[in-house]
Amino acid sequence: MDWWGGELDGVTFTRCRFDDAALEELVTRRCVFDSCVLTGVRMAGAQHLGSAFLSCRFDRARLFDVTWQGCKLTGSQFPGVELKHATPTECDWSWTSLRGADLSGLDLSGQRFREADLTDADLRECDLTGADLDRTRLQGVQLRGADLRGASTDAVDWREFALTGVRLDLAQAVQVARAHGALVAD
């Protein structure tokens, strides 16, 4: 399938397969991809505007320089994905699996990652200000230089990862201190 440079508006795909599809420069508006498998797709330069990728599987997908604006990616899995230079704004990544993904340097501020699996992900130098990381699995994550100020971090185990060079706000610093056994006076 080759939809290079195409535009889709209001189209719904359910349980479809897109194997090795050329979706570069594709623009989707208000489209729904429900339980689809996108193995080896190439989406360089694609723009997804208000679209939903619900419980989809992006195996070895190359999502270089993709714009996600107001998208819902809940429950999707991204094994072996390449997400360099992605530009997500106001997106919901809840319950996604981004295990081992290289997200280093991305602006993920304000994104919703509630209960997502970011185990072993590379989040170095990421801007996660104001992100919703409540109950997110962060075991083995690399955070050096990340900015977590204002991020919601309910049920995050601060003992799980190194915080060298990570920017935190005061409330998070207190959470870290308490997680390491400090008695913090109010």
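Residues numbered from 1 in each chain as written. Predicted model: local features only at pLDDT ≥ 70, side-chain atom pairs only at ≥ 80, totals over all residues. Heavy atoms only, no water.

Enquirer: Quick question: what am I supposed to make of the sheet that holds strand β1 (residues 7–9) here?
Expert: In a beta sheet, neighbouring strands pair by backbone hydrogen bonds and run either parallel or antiparallel. Taking strand neighbours across the sheet as the criterion, the five strands line up as β1-β3-β5-β7-β8 in an open arrangement whose pairing is parallel. At either end of the open sheet lies a strand with only one pairing partner, and these are β1 and β8 (87–89). If you compare each strand with its neighbour and ignore which way they point, the axes differ by 5° on average. Pairing of strand β5 (residues 47–49) with strand β7 (residues 67–69), which is carried by three bridges, proceeds in the parallel orientation. Note on β7: the bridge partner recorded for His 48 is Trp 68. (Pairing = 2+ DSSP bridges. Helix = DSSP H or I, 4+ residues; strand = E, 2+ residues; numbered from the N terminus. Axes fitted to C-alpha atoms, helices over the stretch in contact; angles between N-to-C directions.)

Enquirer: Would you take a moment to explain the sheet that holds strand β2 (residues 12–14) for this structure?
Expert: Pairing within the open sheet is parallel, and its three strands lie in the order β2-β4-β6. Looking at which strands have only one partner, the edges of the open sheet turn out to be β2 and β6 (52–54). The mean angle between the axes of side-by-side strands here comes to 5°, regardless of whether they run parallel or antiparallel. Relative to strand β4 (residues 32–34), β2 runs parallel, the two sharing three bridges.

Enquirer: In this structure, what is going on with the nonpolar core? I would like to understand it.
Expert: Side chains of a nonpolar character, in soluble globular proteins, are inclined to be buried together. One finds Phe 58, Leu 63, Trp 68 and Leu 103 to be the most contacted residues of the largest nonpolar core, which totals 53 residues. The contact partners of Leu 63, leaving out residues within four places of it in the chain, are Met 43, Phe 58, Trp 68, Phe 78, Val 81, Glu 82, Leu 83 and Lys 84. (Core = buried A, V, L, I, M, F, W, Y, C linked by side-chain atoms within 4.5 Å. Buried < 20%, exposed > 50% of the residue type's maximum accessible area, 1.4 Å probe, protein only. Contact = heavy atoms within 4.5 Å.)

Enquirer: Explain the environment of Phe 64 here, please?
Expert: Among the structural elements, Phe 64 can be located in the loop between β6 and β7. Residue Phe 64 is classed as partly exposed on the basis of its relative accessible area, which comes to 37%. Note: C-alpha distance between Phe 64 and Leu 83 (19 residues apart in sequence) is 5.4 Å. Ignoring anything within four residues of it in the chain, the contact list for Phe 64 reads Met 43, Ala 44, Gly 45, Glu 82, Lys 84 and His 85.

Enquirer: Mind showing me how you'd approach the confidence of the model for the protein chain here?
Expert: Detailed reading of the predicted coordinates is not advisable wherever pLDDT falls low. Residues with a pLDDT of 70 or more make up 99% of the protein chain, whose mean pLDDT is 93. When mean pLDDT is taken per element in the protein chain, β4 scores highest with 98 and helix α1 (residues 170–179) scores lowest with 88. (pLDDT = per-residue confidence, 0-100.)

Enquirer: Got a minute to help me understand the side chain of Asp 134 in this structure?
Expert: Considering the arrangement of structural elements, one finds Asp 134 in the loop between β8 and α1. Among the residues examined, Asp 134 registers a relative accessible area of 7% and is labelled buried. Polar side-chain contacts of Asp 134 include one of 3.1 Å to the side chain of Arg 114. The contacts of Asp 134, once residues within four sequence positions are left out, are Phe 113, Arg 114, Glu 115, Ser 152, Thr 153 and Asp 154. (Polar contact = N/O pair within 3.5 Å; in protein donor to acceptor, adjacent residues only side chain to side chain.)

Enquirer: What should I look at first to understand the packing of aromatic side chains in this one?
Expert: The geometry of an aromatic ring pair is captured by two quantities: the separation of the ring centres and the angle between the planes. Scanning all chains against the criterion turns up 14 aromatic pairs. Aromatic pair Trp 158 and Phe 161: ring centres 5.9 Å apart, planes at 65°, arrangement edge-to-face. Classification of Phe 161 by relative accessible area gives buried; the value is 10%. Three or more aromatic residues joined by ring pairs make a cluster, and in this case those are Trp 3, Phe 13, Phe 18, Phe 33, Phe 53, Phe 58, Trp 68, Phe 78, Trp 93 and Phe 113. (Phe/Tyr/Trp six-rings, centres within 6.5 Å; stacked < 30°, edge-to-face > 60°.)

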